[in-house]
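Below, each chain spelled out in residue letters.
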Protein chains: 2
Amino acid sequence: LRIQGKFYRTIWALGEAPTVHIIDQTLLPHRLEIRTLARAADAAEAIAAMRVRGAPLIGATAAYGYALGAREDPADAGLERVRDQLLSTRPTAVNLRWALDLMRAAVLPLPPAARASAAFEQAASIAEADVVSCRAIGGHGLALIEQLAARKGGAAVNVLTHCNAGWLAAVDWGTALAPVYAAHRAGIAVHVWVDETRPRNQGASLTAYELAGEGVAHTLIADNAGGHLMQQGRVDLCLVGSDRTAANGDVANKIGTYLKALAAHDNGVPFYVALPCSTLDWGLASGVGSIPIEERSAREVTHVTGLAADGTLNTVAIAPPGTPAANPAFDVTPARLVTGLITERGVAAASRGGLLHLYPEQAGTPA
Amino acid sequence: LRIQGKFYRTIWALGEAPTVHIIDQTLLPHRLEIRTLARAADAAEAIAAMRVRGAPLIGATAAYGYALGAREDPADAGLERVRDQLLSTRPTAVNLRWALDLMRAAVLPLPPAARASAAFEQAASIAEADVVSCRAIGGHGLALIEQLAARKGGAAVNVLTHCNAGWLAAVDWGTALAPVYAAHRAGIAVHVWVDETRPRNQGASLTAYELAGEGVAHTLIADNAGGHLMQQGRVDLCLVGSDRTAANGDVANKIGTYLKALAAHDNGVPFYVALPCSTLDWGLASGVGSIPIEERSAREVTHVTGLAADGTLNTVAIAPPGTPAANPAFDVTPARLVTGLITERGVAAASRGGLLHLYPEQAGTPA
């Protein structure tokens with residue numbers, strides 16, 4: 001989508017012997033810098049350092065990382081090493097494993113000399129499929145927003161979202177924000193409450209930034225404010241993404257999602273989770289207590305980076321020196337709090353039955 | 001209580017013609033600066049700028065502000081003007097009106113020449129009564145913590161608190177943290193999960209700071225993390241303060257409290273609110289939709305102030321320039337989510353009946 005009028009994707013490959021390029025999201029919204037991933041290790045670093053983040057984009061980046069690795073060393077042992085390196089970058093988003101499984105299946109059966117080019121083709125196909133999936137999610141979610149808009153008589157539909165599940169979290173369009181962009185382009189008045197999303201502030205730095213780029217009305221709020229807004233009737237719909245969804249519809253997503261789902265449930269606000277099938281972990285019967293939750297650095301809680309008045313990026317401490325901090329990066333929202341799952345195939349009830357109705361081919365997968 | 005081994009209160013008056021002193025809480029935890037309030041206008045400014053905050057301390061500061069005003073101009077008109085000025089500083093904490101009503105009742109019947117000294121006496125009495133109330137709250141809450149400790153066989157009791165309702169929010173001891181200090185002094189192992197409390201970060205800047213001063217084990221967390229910790233069984237008790245509690249037990253407190261109460265309810269974690277009777281608004285039948293919620297500056301959401309590496313206080317922007325932000329400062333937790341109210345008279349059910357059992361003299365107050 002657009003940044004200051006110019007179209008971007010979050011990751012793209014260029015050239016005969018492709019180089020891979022990403023937007024370095026750690027510098028947004030303050031600086032737009034394109035970074036080149038020349039080697040598999042660069043891709044692993046970009047995922048671990050959260051230069052790219054968001055479950056679908058983590059998957060696409062891992063795929064390109066594997067392709068870069070296939071060019072460096074197409075032997076089985078080298079490729080397995082690259083896979084392990086990429087797989088260890090982040091534990092929660094299942095798209096990482098999903099993409100690497102696809103890459104391995106496409107590449108390992110081939111003779112070494114054919115592997116690199118096949119790997120780049122497969123990575124491009126994963127990225128392209130993500131764009132198609134996210135566009136389809138936008139279409140299915142648009143129908144929900146249209147229904148709400150019909151009841152509001154022209155007043156804006158107020159959508160609350162947590163973290164960034166927009167186009168910056170995917171290759172394009174996004175998951176949770178794809179329906180918002182679809183509604184905006186369809187001429188429906190829509191306004192987004194943007195949760196700041198501490199401790200990394202992805203709402204402030206990424207969601208507000210990308211909504212501004214597309215001209216969608218939005219208001220930034222502290223993560224604490226969503227419950228109050230729902231209690232006051234100022235939220236029509238919650239839309240979030242997912243990093244991993246279990247076969248029963250339990251949803252792992254950015255820390256704090258569970259609190260918003262509780263508030264939505266308490267106030268009768270519909271709570272939808274948007275995700276492509278690459279985020280479904282059919283092997284996991286349920287999510288609460290089972291999905292691995294990444295524990296990140298205490299410094300993300302005790303320090304904040306932003307733009308100082310002199311235009312430099314500066315990091316400030318907000319807590320006394322030496323304050324211990326815990327930083328779980330995700331939580332799991334039980335399926336009972338989820339109104340529905342918006343996938344590329346349509347809207348499913350957050351249950352094994354609901355998901356199997358859309359994905360009947362998974363009926364045999366042991367969970 | 002203690003800061004680096006030295007005992008402080010949050011507000012104190014010194015001398016024959018008293019000067020009033022406060023800790024400037026906007027500079028904590030980075031700098032400990034004592035500020036003098038010489039005139040009523042200084043007290044109003046200190047409350048409005050949140051140099052002092054916390055419902056009990058707002059009440060005590062308003063009382064001293066009224067006394068300073070009585071010294072400047074003891075005439076009825078002057079005193080009413082001072083009252084209006086102080087009353088308009090912040091809308092949510094009912095202790096402000098409560099303290100000013102007490103001051104007016106003590107001062108206005110006297111001849112002008114006697115008013116200033118009587119006003120300082122009354123203000124000192126309000127401050128002293130707050131210390132006594134908070135110490136009593138600590139004693140009643142201690143019994144709850146002892147019960148939990150008995151079940152944990154020596155392992156620390158994990159208390160989650162939101163915002164700062166410690167001694168810095170009162171004159172001494174605090175409300176929600178008074179039981180924690182009482183338990184710590186009684187030799188009970190206690191550990192506090194400290195919600196950061198965006199957007200002003202009172203948890204990081206004040207609660208972590210005062211717990212460190214008293215040597216109480218604590219861990220700072222993003223506001224988003226509490227639900228996850230409760231789901232994982234890592235919280236034994238939630239303890240928060242209140243800015244205004246309606247006669248039915250609905251609790252206005254710092255924005256985000258409602259979300260934690262929902263999570264506590266969903267996970268069977270006891271959720272207690274600690275407050276002196278000065279925080280009870282008997283005239284308000286219920287709180288949801290009725291308690292005025294202060295809307296503060298968008299800049300508190302879009303910018304963060306902290307200590308830069310060079311030791312200066314620096315403010316950084318975390319959102320794109322011009323991002324609109326909403327900043328409701330409080331929310332209301334319905335009484336149905338509150339396990340009990342800890343007051344200076346004991347623990348009450350969060351209901352009109354429960355409160356009247358402790359405060360039978362209010363039975364006639366029309367709500």
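Residues numbered from 1 in each chain as written. Chains lettered and ligands numbered in written order. Predicted model: local features only at pLDDT ≥ 70, side-chain atom pairs only at ≥ 80, totals over all residues. Heavy atoms only, no water.

Details of the overall build of chain A
The helix and strand tally for chain A stands at 11 helices and 18 strands. Against the 2.2 N^0.38 benchmark of 21 Å for 367 residues, chain A shows a C-alpha radius of gyration of 20 Å, consistent with a compact globule. With respect to the three principal axes, the spread of C-alpha positions in chain A is 60 × 55 × 40 Å. Taken over 367 residues, chain A has a buried fraction of 62%. Pairs at least 24 residues apart make up 74% of the contacts formed inside chain A by residues separated by at least 6 positions. Surface summary for chain A: the accessible area is close to 12100 Å², and the carbon and sulfur share equals 54%. Across chain A, the centroid of the 30 positively charged side chains sits 2 Å from that of the 33 negatively charged ones. (Helix = DSSP H or I, 4+ residues; strand = E, 2+ residues; numbered from the N terminus. Rg over C-alpha atoms; globule rule 2.2 N^0.38 Å. Buried < 20%, exposed > 50% of the residue type's maximum accessible area, 1.4 Å probe, protein only. Contact = heavy atoms within 4.5 Å. Areas by Shrake-Rupley, 256 points an atom, 1.4 Å probe, with all protein chains shown as cover. Lys, Arg positive; Asp, Glu negative; His and termini not counted. Charge placed at Lys NZ, Arg CZ, Asp CG, Glu CD.)

Section: the relation of the copies chain A and chain B
Laying chain A over chain B is done by rotating through 180° and shifting 0.0 Å along the axis; what remains is an RMSD of 0.0 Å. Taken together, the rotation angle and the small translation identify this as a two-fold axis. A high fraction, 100%, of the interface residues of chain A reappear at the interface in chain B, so the copies pair face to face through one surface. (Least-squares fit on C-alpha atoms with pLDDT ≥ 70 in both.)

With respect to the sheet that holds strand S18 (residues 346-348) of chain B
Residue and element names in this part refer to chain B. The strand order S8-S7-S6-S9-S12-S17-S18 describes an open sheet built from seven strands, whose pairing is mixed. The sheet is open, and its two borders are formed by strand S8 (217-221) and S18, each paired with just one other strand. Taken pair by pair, the neighbouring strands of this sheet meet at an average axis angle of 25°, ignoring direction. Where strand S9 (residues 237-240) meets strand S12 (residues 271-274), three bridges bridge the pair, whose relative direction is parallel. (Pairing = 2+ DSSP bridges. Axes fitted to C-alpha atoms, helices over the stretch in contact; angles between N-to-C directions.)

With respect to the sheet that holds strand S9 (residues 237-240) of chain A
All names here are of chain A. Spatial ordering of the open sheet is given by S8-S7-S6-S9-S12-S17-S18, a layout of seven strands whose pairing is mixed. Single-partner strands in this sheet number two, and they are strand S8 (217-221) and strand S18 (346-348). Along the sheet, successive strands turn relative to each other by an average axial angle of 25°, direction set aside. Here strand S17 (residues 340-343) runs beside S18; their pairing, made up of three bridges, is antiparallel. Residue Thr 343 lies in a different strand from S18, and its bridge partner there is Gly 346. Its contacts with the sheet put helix H6 (residues 178-185) on strand S6 (157-161), strand S7 (190-195) and S9, and the angle it makes with S7 is roughly 155°. Contacting S6, S7, S9 and strand S12 (271-274), helix H9 (residues 257-267) runs over the sheet at an angle of about 145° to S12.

This is a description of form; function is not addressed.
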